[in-house]
Amino acid sequence: MDEAPLPEKDARLLRYLKTLVTALTVTMIAGFIVLIAVIVMRFNAEGTVPLPDQIALPDGVAATAITRGPDWLGVVTDDGRILIYGLDGTTLRQEIAVTPGG
């Protein structure tokens, strides 16, 4: 069956909607590319938090976690202690024993 021709007003509206959809598609694709580029650049950036190359742990102790404060490093050890060091990684400031709670 043949379709009836669209009135001129409806044809203009259809062209306008087609242009809007095309512009939205191009905008979404560009935004997605920018988002992927930002994520890739962020993951490839070097760390911004300065950490010492080595931390002077006691003999026979291994670190299981580390955190950094404004002027200290906290190291959780495998023997149930938290060692607080200066930012140089060699000056032990405090030792905290972790005991299981009941």
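Residues numbered from 1 in each chain as written. Predicted model: local features only at pLDDT ≥ 70, side-chain atom pairs only at ≥ 80, totals over all residues. Heavy atoms only, no water.

Caption draft 1: Here's a closer look at the overall build of the chain. The helix and strand inventory of the chain stands at 1 helix and 4 strands. Listed N to C, the secondary structure of the chain is α-β-β-β-β in terms of helices and strands. Principal-axis analysis of the C-alpha atoms gives the chain an extent of 90 × 35 × 25 Å. Here the chain holds 102 residues, and 13% of them are scored as buried. When contacts within the chain are restricted to residue pairs at least 6 apart in sequence, those whose partners lie at least 24 apart make up 15%. (Helix = DSSP H or I, 4+ residues; strand = E, 2+ residues; numbered from the N terminus. Buried < 20%, exposed > 50% of the residue type's maximum accessible area, 1.4 Å probe, protein only. Contact = heavy atoms within 4.5 Å.)

Caption draft 2: Layout of the sheet that holds strand β3 (residues 81–85). The strand order β1-β2-β3-β4 describes an open sheet built from 4 strands, whose pairing is antiparallel. Only two strands of the sheet have a single neighbouring strand rather than two, namely β1 (63–68) and β4 (92–97). Here the strands of the sheet are splayed against their neighbours by 20° on average, with no regard to which way each runs. Direction of pairing for strand β2 (residues 73–77) relative to β3: antiparallel, over a ladder of 4 bridges. (Pairing = 2+ DSSP bridges. Axes fitted to C-alpha atoms, helices over the stretch in contact; angles between N-to-C directions.)

Caption draft 3: Seen up close, the pattern of salt bridges. Scanning the model with the defined rule gives 4 salt bridges in all. In this structure, R93 engages D71 in a salt bridge whose closest nitrogen and oxygen atoms are separated by 3.7 Å. Of this pair, R93 sits in strand β4 while D71 sits in the loop between β1 and β2, and the two are 22 residues apart along the sequence. We classify R93 as partly exposed; its relative accessible area is 48%. Here E95 and R81 are joined by a salt bridge, their closest N and O atoms 3.0 Å apart. Of this pair, E95 sits in strand β4 while R81 sits in strand β3, and the two are 14 residues apart along the sequence. A relative accessible area of 45% means that E95 is categorised as partly exposed. (Salt bridge = Lys/Arg side-chain N within 4 Å of Asp/Glu carboxyl O.)

Caption draft 4: Here's a closer look at the pairing of β1. Two strands pair when backbone bridges link them, and β1 and β2 are joined in this way by 5 bridges, in the antiparallel orientation. Note on β2: the bridge partner recorded for T67 is G74. Linkage of β1 to β2, two consecutive antiparallel strands, is achieved through a turn of 4 residues.

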